[in-house]
Amino acid sequence: MRINYPTLQETVLEETLENGLKVVLVPKPGFQKTYGLFTTNYGSIDETFVPLGQSEKITVPEGIAHFLEHKLFEKEDGDVFQKFSQLGASANAFTSFTKTSYLFSATENIWENLETLLNFVQEPYFTEKSVNKEKGIIAQEIKMYQDDANWRLFFGVLQNLYPKHPLHIDIAGTVGSIQEITPELLYKCYETFYHPSNMTLLVVGNIDPDSLLAKIKGNQGSKKFPEGKEVKRFFPVESVKDIIAENSLAMDILVPKVALGIKNFAPLKSNPKEQMKDKLVGMFLLEILLGESSAAYLELYDQGLIDDSFGFEFNVERSFSFGDFSGDSHQPQKLVAALKDILFTDKAFKEITEENLSQGKKQMLGKYLQSLNSVEYIANQFFQTSDLKGNLFELPEIIDSITLEDLKKFAEEFLQKENSTVFYLLPKGKEQ
């Protein structure tokens, strides 16, 4: 299927292969770099599920998705990074809460690099020796993140908002949990979540999409896979009562850090465009209330309650959704009081005006159009929904469709004080 976006002068070739693999090709004539991303709809929160070919659910050790990502690069005949390097490509991978992606960027040997990407991800090789060796490496990585103040602040908020949900666990797991990982468990997770029907291949760059698609079909057609089935995943049900209202941690830092999080209890929409719209509405609301050009931001800055470290984000994913505001502050308690006054009183609704919405739309579209000059940005941001269906080129139409009523309705449901939490990161010796 070829989808044209005439206003943006973009074209997307999309096809689901016989084995279930979704292939998305985005030609960018005249660009030097080409990016390939091979993504599975599997992340750190997917701990409890029914394995492929079985009927009973199991719970696997925390951090196994990230561990699996690391291990796929190691093969019996050496490290895959060397193969990419020999082909003039740069390779990488990352695991998030809901996805694991393997990628390369190159200016030459595009098919050879893409073939390497497909083959190494689809040829797992785990041994007792290599798995035990990796445990020490990842344990060091976990300890490193434990010393990262901003990382601890972020997960502090998640631990308060989602005390039961695996979202509050570090993506890499814990030093204790990774000791429980075995080759058998890795293969079980791999066979369940790395089936082509649970994966998407995206290529963006100076490519001939029809020729490339034929080669991809040939590669996939030469491999055998069992019949794919939708994975059954299980997550704990949480309510407002489960939210921890406040918590703190002392670390070796000079300036206190604080984060205020708000849990969004609205169910995830099944329609990709509606899901994208919900996320944009949340982002617009936070930008209007506390963006750098808002009256509240300037007032907090002038009062010395925030500095350039202050920021916010709004997340909409399968099984979780939240917003959070965070930054350094010499007066963290005073900042929290000010934020609550902005977010949980009538002050918030006074800022939801046609003028602010119109200005926000113009700013977002301006940044968006600039970003399309980057193949890397298109590749990394292309999929805009948790099911990897909504895409980047649909954003202008959705941005245009957002109304003042959308913002007001969302604000009424989302800006609830009882759905919020505060987490302080304080210098040692200055604990509350």
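It should be noted that the structure appears before, not after, this text.
Below is a summary of the structure that appears in this document. (Residues numbered from 1 in each chain as written. Predicted model: local features only at pLDDT ≥ 70, side-chain atom pairs only at ≥ 80, totals over all residues. Heavy atoms only, no water.)

1. A word on the overall build of the protein chain
Argument step 1. Within the protein chain, the regular secondary structure consists of 15 helices and 16 strands.
Argument step 2. Over its C-alpha atoms the protein chain spans a radius of gyration of 23 Å, differing by no more than 12% from the 22 Å that the globule rule assigns to 432 residues.
Argument step 3. Projected onto the principal axes, the alpha-carbon positions of the protein chain cover approximately 65 × 55 × 40 Å.
Argument step 4. Expressed as a percentage of the 432 residues in the protein chain, the buried residues total 52%.
Argument step 5. Counting contacts in the protein chain only where the partners sit at least 6 residues apart, residues at least 24 apart contribute 79% of the total. (Helix = DSSP H or I, 4+ residues; strand = E, 2+ residues; numbered from the N terminus. Rg over C-alpha atoms; globule rule 2.2 N^0.38 Å. Buried < 20%, exposed > 50% of the residue type's maximum accessible area, 1.4 Å probe, protein only. Contact = heavy atoms within 4.5 Å.)

2. A word on the sheet that holds strand β12 (residues 246-251)
Argument step 1. Taken in spatial order, the five strands line up as β12-β16-β13-β15-β14 in an open sheet, and their pairing is mixed. Bordering the open sheet on either side are β12 and β14 (311-317), each of which pairs with just one other strand. Neighbour-to-neighbour, the strand axes of this sheet turn through a mean angle of 15 degrees, independent of strand direction.
Argument step 2. With six bridges connecting them, strand β13 (residues 257-263) and strand β16 (residues 420-427) associate as antiparallel partners. (Pairing = 2+ DSSP bridges. Axes fitted to C-alpha atoms, helices over the stretch in contact; angles between N-to-C directions.)

3. Details of the sheet that holds strand β11 (residues 199-205)
Argument step 1. Spatial ordering of the open sheet is given by β1-β2-β3-β11-β4-β10-β9, a layout of seven strands whose pairing is mixed. The sheet is open, and its two edges are formed by β1 (2-5) and β9 (90-95), each paired on a single side. On average, adjacent strands in this sheet sit at an angle of 15 degrees to one another, irrespective of strand direction.
Argument step 2. Note: strand β4 (residues 34-40) against strand β10 (residues 100-106), seven bridges, orientation antiparallel. Across the sheet, residue threonine 39 finds its bridge partner in β10, namely serine 101.
Argument step 3. Where helix α3 (residues 110-121) meets the sheet, its contacts fall on β4, β10 and β11, and the angle it forms with β10 comes to roughly 160 degrees.

4. A few points about the environment of leucine 268
Argument step 1. Topologically, leucine 268 is positioned in the loop between β13 and α8 (272-290).
Argument step 2. For leucine 268, a relative accessible area of 35% puts it in the partly exposed group.
Argument step 3. Here leucine 268 is in contact with Gln275, Val316, Glu317, Arg318 and Ser386, once residues within four sequence places are set aside.

5. Quick notes on helix α7 (residues 209-221)
Argument step 1. Helix length check: α7 (13 residues) gives 18 Å between terminal C-alpha atoms against 18 Å at 1.5 Å per residue, within 8%.
Argument step 2. Taken together, the buried positions of α7 are Pro209, Leu212, Leu213, Ile216, Asn219 and Gln220. Taken down its axis, α7 places every buried residue within 120 degrees of arc, on the same side. (Expected span 1.5 Å × (residues − 1). Arc of directions from axis to C-beta.)

6. Considering the nonpolar core
Argument step 1. Counting 64 residues, the largest nonpolar core has Leu285, Leu290, Leu300, Leu343, Phe382, Phe393 and Leu415 as its most contacted members.
Argument step 2. Those residues in contact with leucine 290 that lie beyond four places of it in its chain are Ala296, Tyr297, Leu300, Phe310, Phe312, Phe325, Leu339, Ile342 and Leu343.
Argument step 3. By size, the runner-up hydrophobic cluster in this structure holds 51 residues, among which are Leu25, Ala89, Leu114 and Phe126. (Core = buried A, V, L, I, M, F, W, Y, C linked by side-chain atoms within 4.5 Å.)

7. Some points on unusual backbone geometry
Argument step 1. Residue asparagine 109 is not a glycine yet carries a positive backbone phi of 50 degrees.
Argument step 2. Structurally, the position occupied by asparagine 109 is in the loop between β10 and α3.

8. Some thoughts on the pattern of salt bridges
Argument step 1. The tally for this structure, following the rule as stated, stands at 15 salt bridges.
Argument step 2. In this structure, glutamate 10 engages lysine 28 in a salt bridge whose closest nitrogen and oxygen atoms are separated by 2.6 Å. You can see glutamate 10 sitting in strand β2 (residues 10-16) and its partner lysine 28 sitting in the loop between β3 (22-27) and β4, a full 18 residues away along the chain.
Argument step 3. As a salt-bridge pair, lysine 263 and glutamate 238 come within 3.1 Å of each other at their nearest N and O atoms. Of this pair, lysine 263 sits in strand β13 while glutamate 238 sits in the loop between α7 and β12; the two residues are 25 residues apart in sequence, bridging distant segments of the chain. This pair shows no difference in class: lysine 263 is buried, exactly as glutamate 238 is.
Argument step 4. What emerges from the salt-bridge pattern is a single network uniting Asp46, Arg233 and Arg318. (Salt bridge = Lys/Arg side-chain N within 4 Å of Asp/Glu carboxyl O.)

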